[in-house]
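# Notes for the structure review
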Amino acid sequence: MTQGLQSIAFEQSPYVVSSASVVGKKEGEGPLGKMFDMVETENLFGEDTWEAAESTMQKEACLLAMGKAHIDKEDVRFLFGGDLLRQGIATSLGVEQFGIPMFGLFGACSTSGEALALASMSVAAGYGDYMLAVTSSHFGSAEKEFRFPLSYANQRPLSAQWTVTGSGAFLVGKKRSHVRITGITVGKIVDFGLKDSQNMGACMAPAAADTIERNLKDFGREPDDYSRIITGDLGYVGQSILFDLMRGKEIDIKKNHIDCGMMIFDQNKQDTHAGGSGCGCAASVLSSYVLPKLERGEWKRVLFVPTGALMSTVSFNEGASVPGIAHGIVLEHC
Amino acid sequence: MRLAGADSNTESLEGEGRVDRKKQQEAYENYVKRKTPVHNLPANMTKAFITGGIICVIGQSILNYCEKIGLDKDISGGWTSMILILLSVILTALNVYPRIAKWGGAGALVPITGFANSVAAPAIEFQKEGQVMGIGCKIFTIAGPVILYGVFTSWVLGFLYWIGKIAGLL
């Protein structure tokens, strides 16, 4: 049923039946390296192009997620998936062979939240027993599309983030597991007029602040009601801005906030500047690090808030601002 | 959004709203500027000086050698540029040049080696998209503006030089 202004509280909460994460070499060498299901040391994943490599990651992540739950692809009713590339080709070409009816999504780096929200709504509404939510990003394909060729010589600003090569797939369904999605808060597009696409944390922080505040109000909760509030890829710059914005709203989330973009790489050793980013960042960290903690009951309830910077190379060249969006997913141990 | 027939009062309020929004955006931009760490300028300039200096020393050595073995000045200059470009392209292919530029910044970007890198890098990246639509169309995506405005500027200067000559100023 609807909850507050932007949220839904499920009467029959769907379960996260299983999930899988597939990442590249650099992510495998990072602090969470051992937790991912699959680490490929060759960033082309045996393919010829970055785009095909990204598709392969999505395919592998879906296969792993379905395999873990012993669910056949025929049993998955709908697939919700998206990525950062133009027209979402990484997803289309990656999941094509499964033949699962699918919805292609774009929410920039918040796509994992968008996919999980729609998948859980569909299960809760009784439109199917299992839904698959999948998303990915690849450093090579993202740099090529949004910035420069990989071997171009330039200096990245300290606010720049490193696109995660990774994919996360989540099987949401009616079959019992130890994690359920009890509610969602759908985010608004929030634009503070910033135009610097090399400082995405600052572009997305206002959206994260808005969604977190909305979620707390809609559900009548305090930050302490969540074991953790987990943003997707605000990075170091974005996190400090988020804290300031939340302080302005008189909400203190400093104690229990973590950010996937800050966890996936070692900022000092891996030269990733402000942290990781990309759809694959939040998705792979959710699957490898957050969900296991919920399954074991170490955390009782978390708010997962993947954040997206909504821009294209055209909008950037035309001087448009970079608005942000963030979706809130409430995950609980059960 | 303004509705037809809305009274002037609403309009002025909307106008104020727009100004407020602009002010808020500026305030946020300034705040973000304060919050965002930047590279240390003196350190970066020193590194650029060293890197650019070394590239120029290499260029000068090639030039001196060419002249020493008896080539004339223009041909020596040609050889110098070509060898520097070749070195840069090879280092780009080996993924070494980006590392030099990461440390040396503008010191590696401004000399002809940086220009060569900016042509070689797209050629490598877009090769997968084919000889025509890939390399052909995209090889100058970074260097293109430099070439266009470089040629245009020399045309303007040439024109001024020509006018100056006619007017007897030069």
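Treat the numbers as computed from the prediction; the structure is a model and nothing was measured.

Scanning chain B from terminus to terminus reveals 8 helices and 0 strands. Of the regular secondary structure in chain B, the N- to C-terminal order runs α-α-α-α-α-α-α-α. In summary, chain B has a C-alpha radius of gyration of 25 Å against a globular reference of 15 Å for 170 residues, an excess of more than 25%. Taken over the C-alpha atoms alone, chain B extends approximately 85 × 50 × 45 Å along its principal axes. A burial count over chain B gives 20% of its 170 residues as buried. Pairs at least 24 apart in sequence give 53% of the contacts found in chain B among residues at least 6 apart.

Moving on, we get to the overall build of chain A. Helices and strands together make up the secondary structure of chain A, namely 11 helices and 17 strands. In terms of overall dimensions, chain A is globule-like: its C-alpha atoms have a radius of gyration of 18 Å, near the 20 Å expected for 334 residues. In terms of overall dimensions, chain A has C-alpha extents of about 55 × 50 × 35 Å along its principal axes. Counting over 334 residues, chain A shows a buried share of 58%. Sequence separation of 24 or more characterises 80% of the internal contacts of chain A that already satisfy a separation of 6 or more.

Below, the discussion takes up the pairing of strand β6 (residues 102-105) of chain A. Residues and elements named next belong to chain A. Direction of pairing for strand β5 (residues 78-82) relative to β6: parallel, over a ladder of 4 bridges. In the sheet register, Leu79 faces β6, and the bridge partner there is Met102. Chirality of the crossover, the property in question, places the unit of β5, helix α3 (residues 89-95) and β6 among those that are right-handed.

The subject of this paragraph is the interface of chain B and chain A. Each partner contributes to the interface: chain B provides 28 residues, whereas chain A provides 21 residues. Of all elements in the fold, only α1 (8-35), α4 (97-104), α5 (106-109) and α6 (112-125) of chain B reach the threshold of two or more residues within the side of chain B that touches chain A. With 7 residues, the top contributor of residues to the side of chain B that touches chain A is α6 of chain B. Each residue belonging to the side of chain B that touches chain A can be placed in one class, and the counts come to 14 nonpolar, 9 polar and 5 charged.

Our next topic: the domain arrangement of chain A. All names here are of chain A. Splitting chain A by domain gives domain 1 (15-173) and domain 2 (179-333). One C-alpha centre belongs to domain 1, the other to domain 2; they are set 18 Å apart. With 47 residues of domain 1 in contact, the opposing surface of domain 2 contributes 49 residues. Among the secondary structure elements, those contributing two or more residues to the side of domain 1 that touches domain 2 are β3 (15-23), α1 (25-28), α4 (111-124), β7 (130-137), α5 (139-146), β8 (162-163) and β9 (166-173).

Let us now look at the domain arrangement of chain B. All names here are of chain B. Split by domain assignment, chain B resolves into domain 1 (10-37), domain 2 (41-139) and domain 3 (140-170). Using C-alpha coordinates to define each centre, domain 2 is positioned 24 Å away from domain 3. Of all the elements, α6 adds the most residues to the side of domain 2 that touches domain 3, at 4 residues.

All names here are of chain B. As for its placement among the helices and strands, Val57 is situated in helix α2 (residues 41-68). The class for Val57 is exposed, based on 10 C-beta atoms found within 10 Å. Taking the C-alpha atoms as reference points, Val57 and Tyr28, separated by 29 residues in sequence, lie 46 Å from one another.

Next up on the list: the packing of helix α6 (residues 200-219) of chain A against helix α7 (residues 235-248) of chain A. Residues and elements named next belong to chain A. It is the contact of α6 with α7, at a shortest axis distance of 8 Å, that shows an interaxial angle of 40 degrees. Classified by chirality, the crossing of α7 by α6 is right-handed. Each of Gly201, Ala202, Met204, Ala205, Pro206, Ala208 and Ala209 in α6 lies in contact with α7, whose residues at this interface are Gly235, Val237, Gly238, Ile241, Leu242, Leu245 and Met246. For the contact of α6 with α7, the residue count by class is 11 nonpolar, 3 polar and no charged.

Residues and elements named next belong to chain B. On average, residues of chain B carry a pLDDT of 89, and 90% of them reach 70 or more. With pLDDT under 50 throughout, residues 1-13 is counted as low confidence; its partners more than four residues away or in other chains account for 3 contacts. For this predicted complex, the interface confidence score (ipTM) comes to 0.85, while the overall pTM stands at 0.91.

Conventions and cut-offs
Residues numbered from 1 in each chain as written. Chains lettered and ligands numbered in written order. Predicted model: local features only at pLDDT ≥ 70, side-chain atom pairs only at ≥ 80, totals over all residues. Helix = DSSP H or I, 4+ residues; strand = E, 2+ residues; numbered from the N terminus. Rg over C-alpha atoms; globule rule 2.2 N^0.38 Å. Buried ≥ 20, exposed ≤ 12 C-beta atoms within 10 Å, placed from the backbone. Contact = placed C-beta atoms within 7 Å. Pairing = 2+ DSSP bridges. Right-handed = clockwise from strand over helix to strand, strands pointing away. Nonpolar A, V, L, I, M, F, W, Y, C, P; charged D, E, K, R; others polar. Domains from an automatic or database assignment. Axes fitted to C-alpha atoms, helices over the stretch in contact; angles between N-to-C directions. Left-handed = near helix turned anticlockwise from the far one by under 90°. pLDDT = per-residue confidence, 0-100.

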